[in-house]
Amino acid sequence: MIATTSTSVESFPFTVHTLPNGLTAILQQIPTAAAVTCDIWVRTGARTEPLNLAGVSHFLEHMIFKGTEKLGPGVFDSEIESRGGVTNAATSQDYTHYYITVANTHFEATLPYLSELVMGAAIPPDEYERERLVVLEEIRRSQDSPDRQAFEILTRTMYPDHPYGRPVLGTAESLKAMTADAMRAYHRERYQPANTTVVIVGGVDERTMLSAVEKQFSEFQAVSPLAAPAIPKPTAPLPASQSHTLARLEQPRLMLAWLGAPIDNLDDAIALEVLAAVLSEGRTSRLVRDLREEKGWVRSVHAYFMPQHHRGLFVIAAQADAEFVTPVEAEIRAAVRLLMDEPVSDSDLNRVKRMLRNDFIFNTESPSQLAGLYGYYSTVASLDVVLTYPEQLQRVSASDVQRAACAYLDPDQAVTLRFVPES
Amino acid sequence: MFRTVLNNGLTLLVVPNPTVDIVSARFFIRSGSREETKPGLAHLVSSVLTKGTRRRSSMELAHAVESMGAMLGVDSSSDYMQISLKCLSEDFETLIALAAELLQEAIFPEDQFELERKVTLQAIRSQQERPFTVAYNQFRSLLYGAHPYAFTELGTETSVPSLTVDDLKTFYQTYFRANNALAVVVGPITPEAAQTLVERYLGDWTPSEAVPVRPLIEHLSFQPQVLREEQATQQSTVLVGYAAAPVGSADFPALKLISTYLGSGLSSRLFTELREKRGLAYEVSAFYPTRVDLSHFAAYIGTAPENTETCVVSLRAEVERLIEVLLTDRELQTAKNKLIGQYALGKQTNSQVSQLLGWYEALGVGADFDTEYLRVVEQLEAEDLRQIAARTFRDPIVSIVGPVEALAATA
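Residues numbered from 1 in each chain as written. Chains lettered and ligands numbered in written order. Predicted model: local features only at pLDDT ≥ 70, side-chain atom pairs only at ≥ 80, totals over all residues.

## Quick word on the overall build of chain A
Going by this rule: The numbering of helices and of strands both runs from the N terminus, where a helix is a DSSP run of H or I of at least 4 residues and a strand a run of E of at least 2. Residue burial is a threshold on neighbouring C-beta atoms within 10 Å of the residue's own C-beta, all placed from the backbone, with 20 or more meaning buried, 12 or fewer meaning exposed, and counts in between meaning partly exposed. Each residue gets a C-beta atom placed from its backbone, and two residues are in contact if those atoms lie within 7 Å.
The number of helices and strands found in chain A is 15 helices and eleven strands. With respect to the principal axes defined by its C-alpha atoms, chain A has extents near 60 × 50 × 40 Å. Going through the 423 residues of chain A one by one, you find that 51% of them count as buried. A fraction of 80% describes how many contacts in chain A between residues 6 or more apart in sequence connect residues 24 or more apart.

Written as structure tokens, this is what we have:
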């Protein structure tokens, strides 16, 4: 379906429907696809949690799979998988989503299980207690990964007064203090039709998709007015330079970080993506070429922008032996300074734009990729982003990029974290 | 699927797919780290391969790919190596020319070799940061002894420093030959057009009179035992593994089905018994790698230190139970539907299709193997699985990584 490199609206022939209860459905038939993906996105995540329920969105995602009054624990998994389908879910700061991918012929038999599961969570008390053990194992597992520990320290430092600074998994303490009743209340409050987008993409007739959505989701009723949680926007932390020891680390890590743009400021978000790619996308990018290929000082260096609903993170991360950490930091600062002082060359800009454009195209090949793309943008920003991204990327100029470097990436404003092995 | 063999012995597979403008092409070499004389050799060949040819420097090669926004990667694994590329169809000819240059004219510059060797040694040390990798390496090392399957692709801290540029060049000249390779193209292209391009750029690639092949393992002489490695981790990692049949064996389809039954998805036996019903873990699964030579079957779990011994006992019990107990009709049918259905879902993008076809061809079982083996899976009966479980799950190796008190509490 996405048969051309054209960036016109025709490339994404989805239709958008709003049910009377406020639920949004995004549908797209791909006649050549053998499979169909149904992906339910809920605008809830760690960002929308009260402090005393830190981790509830993620724990709830686990509990959703424990069934409803009609579906016992494990029934959903077995109904989907015994038909050869796959299912899973993910929770982030800004969203929670649940998806199934099945062969086209199983579409109508499986969608009712997914809608029942997500809307009708029963959260049985005994299952709640047992599943808490599973989430505690998930937390322990993340503590055994030095990279995840480093990332947790980074977000805590960058968002000292904002939910983005807290781990999505919550903590052992917050989970032990939480009750099943509080989780049920959170589910009622956040899982409402107006907060939910159902995306269906694949080899099923679009009218069949729409009537299935109407049938399965029309009973999903708002129980209360949807309160937007009052969350202050993050403010940039003061510039700082810190060193942390990490257990079981074999090689030091270095991170420089800034707050970037929120995703609804798409011009700046794209400029930051371009800047990250100029710095580290591919062997000819500035930092990879300088630090890995020519000087041989780093095992890896990577710049990335994480777009989020509120201001996301721009990070430059390197892994290097201890003797090189200081000179690597100086080189990174100089490279960022240069992006403020001089516009990027045409050849740099064109290369990077082509890489980003193709990445976008490469990520729209299968129904599940498309469903993820539509669901993500409509939940975190707006679906328009999917339509306008390729054009806006094409329009970015060297002066736009330089302006974004000056606005967001001043090296004197960076938070610098070093992670070193114990002892 | 279109299949042909060029005059120089190069196999070409083409699957036309006009629905997307993305071409995935892969060039497989039918030899991998299994042929190594020193651990890490094939991996280093793949790392230095793109860093200089008779015509172009490392940066010129990278620029050619990146300026088109294409993706080009080189990987080595146990039984094969590959150059993979993904691009828009308008760029395909430029990229196939570049891949052909890497396959025929790589020069392995000394400075690039030194750089990649240094980075590889850092990567080897960093493996210690991942408890699963430590547990898996410890298991493989005992199971395979001195055979190359004992080591990770990266090699070891003692083997990698001993590698030389000449080792790389010899490996390249020996195995990167037309009749030891195959090209797979999937995308909006006709078989004729693909064949014309492949002949244009790889038609002169020289074959070898005889590509050496390591003989298959006749016998593994390990003692079943419990291996322990202390790490100051929050969780213990427990892996229980057994030697298992190669891809060419009649037992292969049944072992894949057993692996699906035990470890695949949220409704798998290990997931429901150890996670859903007992809350012992977040991650618990089983895997059975597809290998030319004697493979292995393993189940693993990450658990709280105080549950270490419970998990050793439970993992072994769940696997070895299949020697005694027949799967119910429903369990058997569910496992079959899952394996066959999820396999089909894994063929949704051009690069997934090119990987599966080329992989089976490179392993020597043929690109049609997937449909053939799934047909065998459909016919399997519970008693078949029980007998093969009885042959396979005899001599367990238990590998544990965790804090000292957890190790001390294990039998």
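## Regarding the overall build of chain B
Selection criterion: We compute the radius of gyration over the C-alpha atoms and compare it with the globule rule, which gives 2.2 Å times the number of residues raised to the power 0.38.
Within chain B one finds 15 helices and eleven strands. For a compact globule of 411 residues, the expected C-alpha radius of gyration is about 22 Å, and chain B comes in at 23 Å, within 12% of that figure. Expressed as lengths along the three principal axes of its C-alpha atoms, the size of chain B is roughly 60 × 45 × 40 Å. Burial statistics for chain B: of 411 residues in total, 50% are counted as buried. Counted over contacts in chain B with a minimum sequence separation of 6, partners at least 24 positions apart contribute 83%.

## A closer look at the interface of chain B and chain A
Note the threshold: Here the term charged refers only to Asp, Glu, Lys and Arg, the term nonpolar to Ala, Val, Leu, Ile, Met, Phe, Trp, Tyr, Cys and Pro, and the term polar to all other amino acids, Gly among them.
On the chain A side, the residues contacting the 52 residues of chain B number 53 residues. Listing elements by their share of the side of chain B that touches chain A, those giving two or more residues are helix 2 (58-66), strand 5 (81-88), helix 4 (110-126), helix 9 (269-276), strand 9 (281-287), strand 10 (295-303) and helix 11 (329-345) of chain B. Residues that form the side of chain B that touches chain A fall into these classes: 18 nonpolar, 24 polar and ten charged.

## Quick look at the sheet that holds strand 11 (residues 415-421) of chain A
Residues and elements named next belong to chain A. Note the following rule: For two strands to be treated as a pair, DSSP must find at least two bridges joining them. The axes used here are C-alpha line fits, helices contributing only the stretch in contact, and every angle between their N-to-C directions lies in the interval 0 to 180 degrees.
With mixed pairing, five strands are arranged side by side in an open sheet as 7-11-8-10-9. The sheet terminates laterally at strand 7 (240-246) and strand 9 (300-306), the two strands that pair on one side only. Strand-to-strand twist of the sheet, defined as the mean angle between neighbouring strand axes without regard to direction, takes the value 15 degrees. Taken strand by strand, helix 11 (residues 325-341) contacts strand 8 (253-259), strand 10 (313-319) and strand 11, and its axis lies near 30 degrees from that of strand 8.

## Some remarks on the nonpolar core
Residue and element names in this part refer to chain A. Our working definition: What we call a nonpolar core is a set of buried Ala, Val, Leu, Ile, Met, Phe, Trp, Tyr and Cys residues whose membership is set by joining through C-beta atoms within 7 Å.
Counting 126 residues, the largest nonpolar core has Leu-114, Leu-272, Val-274, Leu-275, Phe-314, Tyr-374 and Tyr-377 as the members making the most contacts within it. A per-element tally of this core places helix 9 (residues 266-280) first, with ten residues. Leave out the neighbours within four places in its chain, and Tyr-374 touches Phe-14, Ile-26, Val-199, Leu-383 and Val-386.

## A few points about the pairing of strand 2 (residues 11-16) of chain B
Here is the key point about a regular strand: its side chains alternate between the two faces of the sheet. Residues and elements named next belong to chain B. Of all six residues that make up strand 2, five are buried, and the element is covered over most of its length. Relative to strand 2, strand 1 (residues 2-5) is paired through four bridges, and the arrangement is antiparallel. Of the residues in strand 2, the one forming a bridge with Val-5 is Thr-11. Counting the residues between successive antiparallel strands, the hairpin from strand 1 to strand 2 contains five residues, one of them, Gly-9, with a positive phi of roughly 95 degrees. In the sheet, strand 2 pairs with strand 6 (residues 181-187) via six bridges, with the strands oriented parallel. By the bridge assignment, Thr-11 is partnered in strand 6 with Leu-182.

## Topic: the sheet that holds strand 1 of chain B
Residues and elements named next belong to chain B. The strand order 1-2-6-3-5-4 describes an open sheet built from six strands, whose pairing is mixed. Of all strands in the sheet, those bounded by a partner on one side alone are strand 1 and strand 4 (71-76). Here the strands of the sheet are splayed against their neighbours by 15 degrees on average, with no regard to which way each runs. Bridging between strand 3 (residues 22-29) and strand 5 involves eight bridges; their strand directions are antiparallel.

## Considering helix 7 (residues 180-190) of chain A
Residue and element names in this part refer to chain A. What counts here: What the arc covers is the set of directions going from the helix axis to the C-beta atoms.
Those residues of helix 7 lying buried are Tyr-186, His-187 and Arg-190. On an axial view of helix 7, the arc spanned by its buried residues comes to 100 degrees, and they lie on one face. Helix 7 presents Asp-181 and Arg-188 as exposed residues on the side facing more than 90 degrees away from its buried surface. Those residues of helix 7 that are buried are in contact with strand 3 (35-42) and helix 1 (56-64).

## Concerning the environment of Tyr-374 of chain A
Residue and element names in this part refer to chain A. Of note, Tyr-374 is situated in helix 13 (residues 367-380). Judged by the 26 C-beta atoms lying within 10 Å of it, Tyr-374 is buried. Separated by 329 residues in sequence, Tyr-374 and Gly-45 place their C-alpha atoms 18 Å apart.

## Considerations on the packing of helix 1 of chain A against helix 7 of chain A
Residue and element names in this part refer to chain A. Selection rule: We call two directions roughly parallel when the angle between them is under 35 degrees, roughly antiparallel when it is over 145, roughly perpendicular when it lies between 65 and 115, and oblique otherwise.
Relative to each other, helix 1 and helix 7 sit at 90 degrees, their axes nearing to 10 Å. Taken as axis vectors, helix 1 and helix 7 run roughly perpendicular relative to one another. Contacts between helix 1 and helix 7 involve Val-56, Phe-59, Leu-60 and Met-63 from the former and Met-183, Tyr-186 and His-187 from the latter. Of the residues contributing to the contact of helix 1 with helix 7, the split by class is six nonpolar, one polar and no charged.

## Observations concerning the packing of helix 1 (residues 41-48) of chain B against helix 6 (residues 165-175) of chain B
Residue and element names in this part refer to chain B. Across the interface, helix 1 lies against helix 6 with an axial gap of 10 Å and an inter-helix angle of 90 degrees. With respect to their mutual orientation, helix 1 and helix 6 come out roughly perpendicular. Counted together, Leu-41, Ala-42, Leu-44, Val-45 and Val-48 of helix 1 and Asp-167, Leu-168, Phe-171 and Tyr-172 of helix 6 form the full contact between these two elements. Considering only residue class, the contact of helix 1 with helix 6 consists of eight nonpolar, no polar and one charged.

## Some thoughts on unusual backbone geometry
Located in the positive-phi region is Ile-123 of chain A, a residue other than glycine, with phi close to 50 degrees. By the secondary structure assignment, Ile-123 of chain A is in the loop between helix 3 (107-119) and helix 4 (125-143). A tally of 20 C-beta atoms within 10 Å means that Ile-123 of chain A is categorised as buried. Backbone geometry places Phe-108 of chain B, a non-glycine residue, at a positive phi of 50 degrees.

## Comments concerning the environment of Ala-90 of chain A
One can find Ala-90 of chain A in strand 4 (residues 86-91). Here Ala-90 of chain A falls in the partly exposed class, since 14 other C-beta atoms lie within 10 Å of it.

## Digging into the confidence of the model for chain B
Just so we agree on the cut-off: Scored between 0 and 100, pLDDT is the confidence that the predictor attaches to each residue.
Taken as a whole, chain B shows an average pLDDT of 97; of its residues, 100% reach a score of 70 or greater. The complex prediction reports pTM at 0.96, with the ipTM value standing at 0.96.

## With respect to the confidence of the model for chain A
When pLDDT is low, close inspection of the predicted coordinates is not appropriate. When pLDDT is averaged along chain A, the result is 94; 97% of the residues meet or exceed 70. Across residues 1-9 of chain A, confidence stays below pLDDT 50; counting only partners more than four residues off in sequence or on other chains, it has 20 contacts.

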